[in-house]
Amino acid sequence: MLPSREVPDLRTPVARFHLENGFFRLSGELVPSSLYLIAHLAIFLVEIDVTTSPQLDTPLYQAIARSLKGSLSAQGQIALPAVKGAVDPYGQRINRLFSLLGKPLSPSELVKLCQHLATLLKDPPASSQIVLSYEPARAPRQGLVYRLDRVKTKTPSQALISQGQLVLPSIPCLRRDYLQQLGSLFALLTHPLSQTQAEQFEARLEQELDSGFLLSPQARLLVRYASNPPEEGGLSCQVSVVTRSLTEQSQTILQQTPNYFETLAPLTKVMDLAQSLSADETPVLLAGVGTAQSALPLARQGVAVDAMDLAPPFANHLHQLLQEEDLPIRVMAEDILDPLVTLKPGHYGLGLLTEVTSRLADVDALEGLLGKMAQALRPGATLLLNLFLASDELPRTPLLEETARVFNSTVFWRSQLESLLERLPLRLVDEVPVLTYEEEHRPQEQLKLDPWYARWAQGQQVFAMSEPPMALHWLTLVREETSEISDSETSDSETSEDSNTPKPLFSTVEAEF
């Protein structure tokens, strides 16, 4: 029996190429003497046409395309009737399939494939099929592995039978690119899309990509397809969106590496700033993902820290660590990005935002976050944050902005930052690339930065190139004095202006965090 692939159930079918939505699973008796053939292929389903984003230079566009490879995966099976003498057409069809899934086989790989096909198709027994199975390679390897077998079956068919699935990043602006590639794949599987089917399919792709990206930029588009039972014929296809929340991701990290935070050294800029703190500059407000990385070393220096972690499992883990070590850390189970979460005005002498702005949707969300932090800081206090910054020479395109969000690398342009700061009581006093500061100031005895973090901070998650046009920067801001009307004066003024204004049923109090 050929093993089936366990995959999650999906939603309503996108385009149905037959009246029924049945799924046909390949089955049969595996020939014991079948050769096991493996090749490692780079998965890259989407061969993006440069016309999709004409504002980006071709090298930048290609760098984004390369970065998407790791977010794409494919697995499936196709069964072909074992016909003597079909080596060349089968070899070419399989080669075209791998071209759609990444790249064509090299000449030497194609020769090996055809040699193996020739062996399998030499006097094949009746009621047998040639079955190609492919799936993602196991970590740490990348790409695809494939296997070619000859299988005896009780239900012989003279048609190509297929089943498979593709996982794609939910990037709305790539809708037509996905349609083109999936249409080519279905045609290769002998089920080309009609004009009506293509239009229905594109409409569903647009709907799912938009909803998936809105739900979470890290959502993935899952496309499943399968031949219907032979007596029905046709092919069925379904599309759904699958997501993994930040909570789920952080839970997985802690399950796989329970001492995760013990393996991370604090960022040098954070520690250098903390060492210059005076008593009147505390407490410190620290918000981010994985706040334990900075909160623990800061508190061990005697700095009082209020920690707000975007990932609840990380916050719970920090709380557990504090059961073992008595430190001046207050874990606050609140989301700094929630507009309904308020902070005590003028309470903090230092604010730290690490890996927060990279998860924001746009510059409006950044302005709201910085405005909240400015309100919580005392006049003259410092706000340190890291932020992906690009020069205005880099074109702003949907592909760039959506891809950046997929990789938690939301990028802001310098003119956006300058305009935003003009509207806030925050003055920029220093700016330096994160990696540059680490290279120049990181103590030699300190643990090296995680290689993944270094690539991410350099912008290489978005642009797979040696020198990306964006990078993570440290921004040091100072909270300026402002002449604001007190709450009591504002209340008196509002009351005098309209004495008929209904009074609230409940009095409100300001929450202190």
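As a reminder, the structure under discussion sits directly above these lines.
I will try to describe carefully the structure that is included in this document. (Residues numbered from 1 in each chain as written. Predicted model: local features only at pLDDT ≥ 70, side-chain atom pairs only at ≥ 80, totals over all residues. Heavy atoms only, no water.)

Another point: the overall build of the protein. Counting its regular elements, the protein contains 15 helices and 16 strands. Classification of the 513 residues of the protein by burial places 52% in the buried group. Long-range contacts, defined as pairs at least 24 residues apart, comprise 76% of the intrachain contacts of the protein with a sequence gap of at least 6. (Helix = DSSP H or I, 4+ residues; strand = E, 2+ residues; numbered from the N terminus. Buried < 20%, exposed > 50% of the residue type's maximum accessible area, 1.4 Å probe, protein only. Contact = heavy atoms within 4.5 Å.)

Any two side chains of opposite charge can pair, on the condition that their charged atoms come close. The full count for this structure, using the stated rule, is twelve salt bridges. For the salt bridge of Arg176 with Glu202, the shortest nitrogen-to-oxygen distance reads 3.3 Å. One end of the pair, Arg176, is in helix 4 (residues 175–188); the other, Glu202, is in helix 5 (residues 195–215), and 26 residues separate them in sequence. For Arg176, a relative accessible area of 57% corresponds to the exposed category. (Salt bridge = Lys/Arg side-chain N within 4 Å of Asp/Glu carboxyl O.)

This part is about the environment of Arg423. Mapped onto the elements of the fold, Arg423 is located in the loop between helix 12 (414–422) and strand 15 (426–433). Sequence separation between Arg423 and Glu367 is 56 residues, and the spatial gap between their C-alpha atoms is 8.8 Å. Within the structure, the side chain of Arg423 is placed 3.0 Å from the side chain of Ser419, a separation counted as a polar contact. (Polar contact = N/O pair within 3.5 Å; in protein donor to acceptor, adjacent residues only side chain to side chain.)

Burial of strand 9 (residues 284–288) is extensive: five of the five residues sit out of reach of the surface. Where burial is concerned, the two faces of strand 9 agree: the one with Val284, Leu286 and Gly288 and the one with Leu285 and Ala287 are both buried. Where strand 9 meets strand 10 (residues 305–309), five bridges bridge the pair, whose relative direction is parallel. If you follow Leu285 over to strand 10, its bridge partner there is Asp306. Running through helix 8 (residues 292–300), the crossover from strand 9 to the neighbouring parallel element strand 10 is right-handed. Note: strand 9 against strand 12 (residues 348–354), five bridges, orientation parallel. Of the residues in strand 12, the one forming a bridge with Leu285 is Gly351. (Pairing = 2+ DSSP bridges. Right-handed = clockwise from strand over helix to strand, strands pointing away.)

By size, the foremost hydrophobic cluster in this structure holds 138 residues, and its most contacted members are Tyr134 and Ile329. The greatest single-element share of this core, amounting to nine residues, is contributed by strand 13 (residues 377–390). When neighbours within four sequence positions are excluded, Tyr134 is seen to be in contact with Ala74, Gln75, Gly76, Gln77, Leu97, Phe98, Leu101, Leu144, Val145, Tyr146 and Tyr225. (Core = buried A, V, L, I, M, F, W, Y, C linked by side-chain atoms within 4.5 Å.)

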